[in-house]
Amino acid sequence: MSKISLTIANKIKVASICFAALVTFALLYLTLSIGNNSEISVQQQQLVNSQISTIDHQSTSLERQSKSLLQLKLINNINMQFSEMRFWLYDLAVSWLNESEANAEKANETLQELLNELGNSHPEITQSIRSSSEVFYDKMIEAVDAYVEENRVLGNSLVANARSSALAVDSDLRALLIEAQESVNTVNAEVDSAGQNVAQSASDVNASADQIVSNNSTLTLAAITALCAVILLSIIFCFSLLRA
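Residues numbered from 1 in each chain as written. Predicted model: local features only at pLDDT ≥ 70, side-chain atom pairs only at ≥ 80, totals over all residues. Heavy atoms only, no water.

Q: Got a sec to walk through the overall build of the protein chain? Specific residues and values, please.
A: The helix and strand tally for the protein chain stands at four helices and zero strands. Ordering the α and β elements of the protein chain from the N terminus gives α-α-α-α. Accessible area for the protein chain stands at about 15400 Å²; split by element, carbon and sulfur atoms hold 59% of it. (Helix = DSSP H or I, 4+ residues; strand = E, 2+ residues; numbered from the N terminus. Areas by Shrake-Rupley, 256 points an atom, 1.4 Å probe, with all protein chains shown as cover.)

Printed below as a string of C-alpha cells:
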C-alpha cells in the first residue's frame, strides 16, 4: 500500500484550511448565539416593562382596596352610631333619665360628624340620612316631652312618626352597605388578579434571565472548545513539520 506523503507546502495549506474552517464555524456559532441572546435581552426588557406596569396596576388596585375598606368601615360606624342613638332615645322615652338623654346627644353628635365625612363621596344619600335622622331625633325628644306631660296619645303618635324616619335611615344605610361590600369584593378580585399577574411576570423575567445565563455558559464552553481545538491542531501541525 503506498504511503501518502505531503510536502511542507501542502501541510501548511491543509492546516490553514482546517484553521479557517474551525475559526469560521466558531465565529458563526458565536454570532448566532449572541444574536439569540440579544433577542432574549430585548424580550426580557419588554417583560420587565410589563412587570413594572403590572406592579403599578397592583398598587392602584391596593389603593382602591384601601379606600373601599375605609368606606365600608365608615358606613358601618354610621350604622352603629345611629343604632346607638336610637337605643338611648327609646330608653329615654321609657326611663326619662338624664344619662340616657346625654348618651343620645353624644351619639347624635358623633353621627353628624361621620355623615360629614360620608358627604364627600355620597352627598345625596348623606343628605337623606341626615334629614331622616334629624327628624327621628326631634320626634323622639318631642315624644319624651309628651310622656313627661302625661300625654301618652301624642307621645305614641310621635314615636310612630319617628319610627318611620328610622326605617328610612335603615333603608339608606342598607343600600350603602350593599354598595360598599360589592365594591370591596370587586376590588379584592382585582387585587388577587393583579397579584397573580405580578407573580407570573416575575416568573417570566426569571425564566428569561435563566435562559441568558444558560446561553452565556454555552458560549463560554464553545469558546474554550474552539481554543482547545486550535491549540491541538497547532501542536499536530508543529509535530508534522518537525517530522518533515
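Past the structure itself, the notes keep going.
Q: Can you tell me about helix α2 (residues 98–118), naming the residues and giving the values?
A: Along an α-helix, residues three or four positions apart point the same way, because every turn accommodates 3.6 residues. Its 21 residues place the ends of α2 30 Å apart at the C-alpha level, agreeing with the 30 Å of an ideal helix rising 1.5 Å per residue. Within the span of α2, buried status applies to S100, A104, A107, N108, L111, Q112, L114, L115 and L118. All buried residues of α2 fall inside an arc of 165° around its axis, so they share one side. Exposed and facing more than 90 degrees away from the buried side of α2 are N98, E99, K106, E109 and E113. (Expected span 1.5 Å × (residues − 1). Buried < 20%, exposed > 50% of the residue type's maximum accessible area, 1.4 Å probe, protein only. Arc of directions from axis to C-beta.)

Q: Tell me what's going on with the nonpolar core, and back it up with residues and numbers.
A: Counting 33 residues, the largest nonpolar core has I78, F82, M85, L89, L118, F136 and M140 as its most contacted members. Secondary-structure elements contributing two or more residues to this core are α1 (8–95), α2, α3 (123–148) and α4 (152–243). A total of 10 residues in this core trace back to one element, the largest contributor, which is α1. Those residues in contact with M85, other than ones at most four positions away along the chain, are A104, A107, N108, L111, S133, F136 and Y137. (Core = buried A, V, L, I, M, F, W, Y, C linked by side-chain atoms within 4.5 Å. Contact = heavy atoms within 4.5 Å.)

Q: Would you mind going over the pattern of salt bridges in detail, with residue names and values included?
A: What the rule picks out here adds up to one salt bridge. R86 is the partner of D170 in a salt bridge, and the nearest nitrogen-oxygen pair spans 2.9 Å. Of this pair, D170 sits in helix α4 while R86 sits in helix α1, placing them 84 residues apart in sequence. Its relative accessible area of 16% is what places D170 among the buried residues. Its relative accessible area of 18% is what places R86 among the buried residues. (Salt bridge = Lys/Arg side-chain N within 4 Å of Asp/Glu carboxyl O.)

Q: Describe the packing of α2 against α3, with residues and values.
A: To characterise two packed helices, one gives the angle between the axes of the helices and the distance between these axes. With their axes 10 Å apart at the nearest point, α2 and α3 run at an angle of 170° to one another. Put simply, α2 runs roughly antiparallel to α3. Pair α2 / α3 crosses with left-handed handedness. Residues A104, E105, N108, L111, Q112, L115, N116 and L118 of α2 touch α3, and the partners they reach there are T126, I129, R130, S133, E134 and Y137. (Axes fitted to C-alpha atoms, helices over the stretch in contact; angles between N-to-C directions. Parallel < 35°, antiparallel > 145°, perpendicular 65-115°, else oblique. Left-handed = near helix turned anticlockwise from the far one by under 90°.)

Q: Quick one: what's the story with the environment of V23, residue by residue and with numbers?
A: Within the element layout of this structure, V23 appears in helix α1. Separated by 206 residues in sequence, V23 and A229 place their C-alpha atoms 9.8 Å apart.

Worth remembering: the numbers are spatial, not functional.
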